[in-house]
Amino acid sequence: MSVSPSRLVGLGLAVSALALSLVACGSDEPAAGGGGKKIALLLPESKTTRYEALDRPLFTEALKAACADCELIYSNADQDAAKQQQQAEAALTQGANVLVLDPVDGKAAAAVVASAKGQNVPVVAYDRFIESADYYVSFENEAVGKLQAQTLVDTLKAAGKTSGNLAMINGSPTDPNAADFKKGAHSVLDSSGFKVAAEFDTPDWSPDKAQAWMEGQLSAIKNGLVGVYAANDGTAGGAIAALKGGGVTPLPPVTGQDSELAAIQRIVSGDQAMTIYKAVKPQAEAAAKGAVALANGGKPESTTDKNGVPSTILDPVAVTKANIKDTVVKDNIYKVTDICTASFATSCTAAGLS
Ligand code: GAL
């Protein structure tokens, strides 16, 4: 009797599958990382590009490295706190052993924590603080606001300006980080000699709402306007579109945060003065390692604590034209070719980037 090659291949696969399952069953030792656990990552939105472009893939990779056979449950709440609560409940129903939660609404997240704790499921507060979480990983958020504001003031002074009106576009009122960015920024701007002539808290961090607000302000403050504090790159994009649409020339310096590719390109071309680089990789790694430790009944490594929650707090970096190469390019977030597409070729050369 002859056996066809395809059948041999099939047999071979079946034998190796059997061998693999024997290895798995034969060992009393847990797999690398003590896994088999389910970790839920719940991110807040997708208009800000970092979440789908960086946080999600980097956390997925870090979780694999920390625990080869852990399972990732992922969801994105699209800026909707009620949707996020449902996603958290769904993750708990699916047997999540730890929730890694970046809350749309920091206060509403208390209900998620209560529900998780009721099922002995620890919660990692990811990027945004949550009271009574088991671990918190973020950046020095007041420092973000200070760096943004200081760079704005330095840019204005370098252009010979010492007074004039500023517009301030803050983040979402439900995001605890937004309050920290705002506090840090005010601590610099309020004594800078420049005047915060108008200020807005952007619902959901929505770039469209930031743009609409800026458009509405133009007639009132356009004349004396010397600079715009925008809390992140999404709101900066909205502000810049409004300024351009309103014929404001030259564009006043505008701040940002997140080092989104579009913002780095705007910095290269001169439309945006600065952004903030927050290295998401170490943030995702700390969160993934902490989640695995908690899933196995251990304690995450922490360097400090915030309101009694063990925490790892990383440093933000201000990015201007001068240090794009030493920050996002050096860390391989973007290649020069990603930034210097055809329409940015001339400004890239001028910025010493190509
Ligand atoms: C903040 C976060 C920022 C930015 C913003 C909008 O909490 O720290 O990096 O992404 O939310 O989602």
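Residues numbered from 1 in each chain as written. Predicted model: local features only at pLDDT ≥ 70, side-chain atom pairs only at ≥ 80, totals over all residues. Heavy atoms only, no water.

Going by what an unreviewed UniProt entry lists, the chain is known as D-xylose transport system substrate-binding protein and is assigned to Kribbella antiqua. The annotation that UniProt attaches to the chain under Subcellular location (unreviewed entry) is "Cell envelope". (UniProt positions renumbered as here; feature names shortened; annotations may be inferred.)

Colleague: Explain the sheet that holds strand 11 (residues 309-314) residue by residue, including any values.
Modeller: Pairing is mixed in the open sheet, where seven strands are placed in the order 2-1-3-4-5-11-10. Among the strands making up the open sheet, the edge pair consists of strand 2 (71-76) and strand 10 (304-306). Within the sheet, the average angular offset between the axes of one strand and its neighbour, ignoring direction, is 25°. Helix-sheet contacts for helix 10 (residues 280-295) involve strand 1 (38-43), strand 3 (98-101), strand 4 (123-126), strand 5 (135-139) and strand 11, and the interaxial angle to strand 5 is about 180°. (Pairing = 2+ DSSP bridges. Helix = DSSP H or I, 4+ residues; strand = E, 2+ residues; numbered from the N terminus. Axes fitted to C-alpha atoms, helices over the stretch in contact; angles between N-to-C directions. Contact = heavy atoms within 4.5 Å.)

Colleague: I'd like a description of the sheet that holds strand 7 (residues 195-201), backed by residues and values.
Modeller: Pairing in this open sheet of three strands is parallel, and the strands run 7-6-8 from one edge to the other. Only two strands of the sheet have a single partner each, and these edge strands are strand 7 and strand 8 (225-230). The average angle at which neighbouring strand axes cross in this sheet is 15°, direction not considered. Pairing between strand 6 (residues 165-170) and strand 7: six bridges, direction parallel. The partner of Asn165 across the bridge, within strand 7, is Lys195. Where helix 6 (residues 176-189) meets the sheet, it contacts strand 6, strand 7 and strand 8, and its direction lies at approximately 165° from that of strand 6. Helix 8 (residues 233-245) contacts strand 6 and strand 8 of the sheet and is inclined by roughly 155° relative to strand 8.

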